[in-house]
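Examining the three-dimensional arrangement
Each chain, written out:
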Amino acid sequence: MSLRILIVNDDGVDAPGIGVMEEIARQITDDVWICAPDGNQSGAAHRFTFGRELELVERRKQVFAVKDGSPADCVVAGMTFLLKDRPADLVLSGVNNGQNLGDIVNCSGTAAGAREGVLQGALGIAMSQGVNYEVSAEVDWANARAFGARIVEGIRQQAGSGTWFNVNFPFCPTAQVEGVRVVPTQRFSRSPMRYYPSDNPGKFFIAIPETPRPLEPDFDFHLLMHGKAITVTPVALQASDMAEAKRMDGKIAL
């Protein structure tokens with residue numbers, strides 16, 4: 001029985017990056033399904049849509065859009081309805097337009113797609129194509145296209161259980177890519193999210209106006225921004241601080 005892949009993203013079902021992800025998936029298997037938001041859901045994190053009806057729209061064979069749905073909604077619809085008789089073995093999320101690094105993975109809908117994939121029993125891999133915003137906001141998908149399938153196969157051979165993977169492709173020319181680094185995410189001293197004023201009076205944006213500082217040299221953010229390697233980060237589903245739970249147990253009294 002061939003490998004079954006479910007693709008999701010947070011940029012929307014019509015975004016160029018999901019087409020790149022489909023190209024990657026079809027290098028691995030012919031059994032490829034897509035279930036993605038009908039519009040941009042960047043920053044949606046792991047939000048679920050409770051108490052409001054959603055609609056699943058078939059765009060073409062094995063490609064579906066969820067109207068106003070989040071990436072997590074899409075994975076649930078894909079795994080428990082579209083593929084309920086045989087859920088996907090692998091959930092690929094992305095390819096995102098721009099990097100997902102450091103603490104930013106906590107708000108990333110791309111990350112949430114991979115995370116929910118693991119929670120639903122599949123292997124989950126989020127992929128993002130880095131962009132050098134200091135030069136241009138234009139994205140070049142060449143490295144995701146060139147190396148995506150090999151990265152997926154490499155992770156599949158090494159992956160354990162209870163872990164999803166966050167992959168970022170550098171924005172250097174393909175010939176200059178310097179291998180793969182498996183690294184942790186950068187923790188910042190405080191969130192990089194900021195109030196950003198609009199040109200319209202009384203309006204504002206939530207944005208990341210500048211690269212957080214300082215950056216640790218052996219962590220994902222620094223390596224992608226200042227290096228030429230593909231970064232791969234294993235992220236555990238178990239978010240509890242087990243050592244702290246053990247240390248504090250019995251020490252908080254009424």
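Up top you'll find the structure we're talking about.
This section reports on the structure supplied with the text. All of these numbers come straight from a predicted model, not from anything done at the bench.

**Notes on the sheet that holds strand S11 (residues 230-236)**
- A sheet is described by the order of its strands in space; here 9 strands give the open sequence S3-S4-S2-S1-S5-S6-S7-S11-S8, paired in mixed fashion. Of all the strands in the sheet, the pair left with one neighbour each is strand S3 (55-60) and strand S8 (180-182). Each adjacent strand pair in this sheet contributes to an overall mean axis angle of 20°, direction not counted.
- Here 6 bridges tie strand S5 (residues 90-97) to strand S6 (residues 123-129), and the two strands are oriented parallel to one another. By the bridge assignment, valine 91 is partnered in S6 with glycine 124.
- Helix H1 (residues 16-26) contacts strand S1 (4-8), strand S2 (31-37), S3, S5 and S6 of the sheet and is inclined by roughly 140° relative to S5.

**Description of helix H4 (residues 142-158)**
- Given a rise of 1.5 Å per residue, 17 residues ought to cover 24 Å, and the 25 Å separating the end C-alpha atoms of H4 matches this to within 8%.
- Along H4, the positions that sit buried rather than exposed are Asn143, Ala144, Phe147, Gly148, Ala149, Ile151, Val152 and Ile155.
- The secondary structure elements touched by the buried residues of H4 are H1, S5, S6, strand S7 (163-169), S8 and S11.

**A closer look at the packing of aromatic side chains**
- Scanning the model with the defined rule gives 3 aromatic pairs in all.
- Between phenylalanine 48 and phenylalanine 50, the aromatic rings sit 5.9 Å apart at their centres with planes inclined by 35°, giving tilted as the arrangement.
- We classify phenylalanine 48 as partly exposed; its relative accessible area is 29%.
- Each ring, one from tyrosine 195 and one from phenylalanine 204, has its centre 4.6 Å from the other, and the planes form 20°; the classification is stacked.
- The exposure class assigned to tyrosine 195 is exposed, which follows from its relative accessible area of 53%.

**Here we look at the nonpolar core**
- Counting 37 residues, the largest nonpolar core has Ile7, Leu92, Ile125, Met127, Ile151 and Val167 as its most contacted members.
- The dominant element in this core, judged by the number of residues it contributes, is H4, at 6 residues.
- Those residues in contact with leucine 92, other than ones at most four positions away along the chain, are Ile5, Leu6, Ile7, Val8, Met21, Ala25, Ile125 and Val152.
- Among the nonpolar cores identified, the runner-up in size contains 14 residues, and Leu6, Val8, Val66 and Ala88 belong to it.

**A few points about the pattern of salt bridges**
- Scanning the entire structure with this criterion turns up 11 salt bridges.
- Among the salt bridges present, the one from aspartate 14 reaches arginine 59, with a minimum N-O distance of 2.8 Å. Within this pair, whereas aspartate 14 is found in the loop between S1 and H1, its partner arginine 59 is found in strand S3, the two being separated by 45 residues in sequence.
- Between glutamate 22 and arginine 26 there is a salt bridge, with its nearest N and O atoms 3.1 Å apart. Of this pair, glutamate 22 and arginine 26 both sit in helix H1, separated by 4 residues, roughly a single helical turn.
- Glutamate 22 sits in the buried class, given a relative accessible area of 12%.
- Linked by salt bridges that have partners in common, Arg4, Asp31, Arg86 and Asp89 make up one network.

Cut-offs applied
Residues numbered from 1 in each chain as written. Predicted model: local features only at pLDDT ≥ 70, side-chain atom pairs only at ≥ 80, totals over all residues. Heavy atoms only, no water. Pairing = 2+ DSSP bridges. Helix = DSSP H or I, 4+ residues; strand = E, 2+ residues; numbered from the N terminus. Axes fitted to C-alpha atoms, helices over the stretch in contact; angles between N-to-C directions. Contact = heavy atoms within 4.5 Å. Expected span 1.5 Å × (residues − 1). Buried < 20%, exposed > 50% of the residue type's maximum accessible area, 1.4 Å probe, protein only. Phe/Tyr/Trp six-rings, centres within 6.5 Å; stacked < 30°, edge-to-face > 60°. Core = buried A, V, L, I, M, F, W, Y, C linked by side-chain atoms within 4.5 Å. Salt bridge = Lys/Arg side-chain N within 4 Å of Asp/Glu carboxyl O.

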